[in-house]
Amino acid sequence: MSASDDEHMAQAIMLARRGLGRTWPNPSVGAIVVRPSGKLVGRGWTAPGGRPHAEAIALEQAGAKANDSTIYVTLEPCAHEGRGPACADIIVAAKPKRVVIGLRDPDRRTAGRGVALLHDAGIEVDEGVLADEAGAVTLGHVMRVTHKRPAVTLKLAVGSDGLVPRGDGEPVWATGPEARAHGHLLRARNDAILVGRGTVAADDPTLNCRLPGMSSRSPVRVVLDSRLRTRPEAKLFEDTKVPVWLICAEGDEQTDAALLNGRGADIITVPRNADGLISLQETLETLAGLGITRVLVEGGPSVARSFLDADLVDEAVIYQGPKPAGDDALSPFAGDGLDRLTENSHFTNIAMRSFGPDRMSLWRRK
């Protein structure tokens, strides 16, 4: 392996990011085909809905030029047939000299079988190139396969005082338009966005992606609402193209279920936890069963604390504005400040970025 392997895999990872939020239940994968001269002759990323796969797209572009080339792919090529032939078989038929893989697929239907098929065909295989970066872009798939739940990203927006501004029936912001636009990009890169009923009541948000030309990238909107008290007049229901899933607790009154169904909501029932609240673990497992691989949690302080207390946060994105949130502002973790996460030994800060006067920090579970 060489520096050029790293460079080409970095290109494949960038392509994989393009499909995030659009390929579930399949992972978003990136692939490129490179001739011995270094010329790129094919590239692809998983298509919306999960098919065709990145390798098939890249190899179709490359055509006969794939022969004796090197293929870079972020995730081990699948070894099972679905709505099309297995990617490992497609690669074997293309007769490349070498395949470079970022991450081995934990899915038991592939899990080393894709690599074995390539080896058996006499193709040189190198694994683990930029594995951490490939793992980050594939985290949702990995968590769904190994932990039976989606990857969870917690998003917080606070003022300079580290507090969350209090809503009063409409959205309020701690940050400026550039940071908020990046937050909408996060929405586009996740399969679902999750809030509590309290956020819907306080802010009446639409929870869609409002970047120009990207409304189709809006994630499924999930609301934790144990007793189905979400108002049928909420703005959530105005955008009929984007699903709304209401998570309620088993055994609660569901007198408004028919009315909310009529507004376009899907009602999903999950068990309670030991404290009598909606079980977040069961909620995530249910979402995974429905194909969701990546969830962006944008709920209020109580929801944020619940996910952190349950050890269900894989990444956290914190936006901080230059002005205090106000005298009536809320602590971000329902009584606890940002240090509840930032000084938690389970997390490490992996990136910082500025959006005008606003700052963003990215935290990842160690």
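Concerning the nonpolar core
Leu154, Leu194, Val222, Val297, Phe307 and Leu341 are the most contacted members of the largest nonpolar core, which has 35 residues in total. Residues contacting Phe307, with those up to four places away along its chain left out, are Val152, Leu194, Leu280, Leu284, Val297, Leu312 and Val313. Residues Met9, Ile13, Val33 and Val34 belong to the second largest nonpolar core, which totals 33 residues.

Comments concerning the environment of Leu185
The topology assignment puts Leu185 in helix α7 (residues 177–188). Taking C-alpha positions, Leu185 is 32 Å from Ala79, a pair spaced 106 residues apart along the chain. Ignoring anything within four residues of it in the chain, the contact list for Leu185 reads Leu211 and Met214.

Comments concerning the pairing of strand β9 (residues 244–249)
Where burial is concerned, most of β9 is hidden: six out of the six residues are buried. With four bridges connecting them, strand β8 (residues 220–224) and β9 associate as parallel partners. Residue pairing in the sheet places Leu224 in a bridge with Ile247 of β9. In this sheet, strand β10 (residues 265–270) lies alongside β9 in parallel orientation, the contact comprising six bridges. Paired with Leu246 across the two strands is Ile267, which belongs to β10.

Some points on the packing of helix α3 (residues 87–94) against helix α4 (residues 113–120)
Between α3 and α4, the shortest axis-to-axis distance is 9 Å and the interhelical angle comes to 20°. Relative to α4, the element α3 lies roughly parallel. Read as a crossing pair, α3 and α4 show a hand that is right-handed. Where α3 approaches α4, its residues Ala88, Asp89, Ile91 and Val92 are matched on the opposing element by Gly114, Leu117 and Leu118.

As for the sheet that holds strand β6 (residues 151–158)
Taken together, the nine strands give an open sheet; going across it, the order is β10-β9-β8-β7-β11-β6-β12-β14-β13, and neighbouring strands pair in mixed fashion. Looking along the sheet, the strands with just one partner apiece sit at the ends: β10 and β13 (347–355). Neighbour-to-neighbour, the strand axes of this sheet turn through a mean angle of 25°, independent of strand direction. Contacts from α7 reach β6, β7 (192–196), β11 (294–297), β12 (315–320), β13 and β14 (358–365), with the element oriented near 160° to β12.

Section: the sheet that holds strand β2 (residues 40–45)
The five strands lie next to each other as β2-β1-β3-β4-β5, forming an open sheet whose pairing is mixed. In this open sheet, the two edge strands, each paired with only one partner strand, are β2 and β5 (124–127). Here the strands of the sheet are splayed against their neighbours by 15° on average, with no regard to which way each runs. By the bridge criterion, four bridges tie strand β1 (residues 30–34) to strand β3 (residues 70–75) in an arrangement that is antiparallel. Across the sheet, residue Val33 finds its bridge partner in β3, namely Ile71. Contacts between α4 and the sheet are confined to β4 (98–103) and β5, with β5 contributing the most and set at about 150° to the helix.

The rules behind each value
- Each chain has its residues counted from 1, running along the sequence as written.
- At least 70 in pLDDT is required for a residue's local features to be given in this predicted model, at least 80 for side-chain atom pairs to be given and counted, and no such filter applies to totals for whole chains, interfaces and linings, which use all residues.
- With hydrogens and water stripped out, all remaining heavy atoms of the structure feed into the side-chain values.
- The set of buried Ala, Val, Leu, Ile, Met, Phe, Trp, Tyr and Cys residues whose side-chain atoms join them within 4.5 Å is what this entry labels a nonpolar core.
- A 1.4 Å probe rolled over the protein chains alone gives each residue an accessible area, and that area as a share of the maximum for its type sets the label: buried under 20%, exposed over 50%, partly exposed in between.
- Contacts: residue pairs with any heavy atoms within 4.5 Å of one another.
- A helix here means a DSSP run of H or I that spans at least four residues, while a strand means a run of E at least two residues long, and both kinds are numbered starting from the N terminus.
- Strand pairing requires that DSSP identify at least two bridges connecting the strands.
- Here an angle of 0 to 180 degrees is reported between the N-to-C directions of two axes, which are lines fitted to C-alpha atoms, with helices fitted over the stretch in contact.
- Roughly parallel here means an angle under 35 degrees, roughly antiparallel means over 145, roughly perpendicular means 65 to 115, and every remaining angle is called oblique.
- For a crossing to be left-handed, the near helix must be turned anticlockwise from the far one by less than a right angle; the clockwise case is right-handed.

Any functional reading would require information that these geometric values do not contain.
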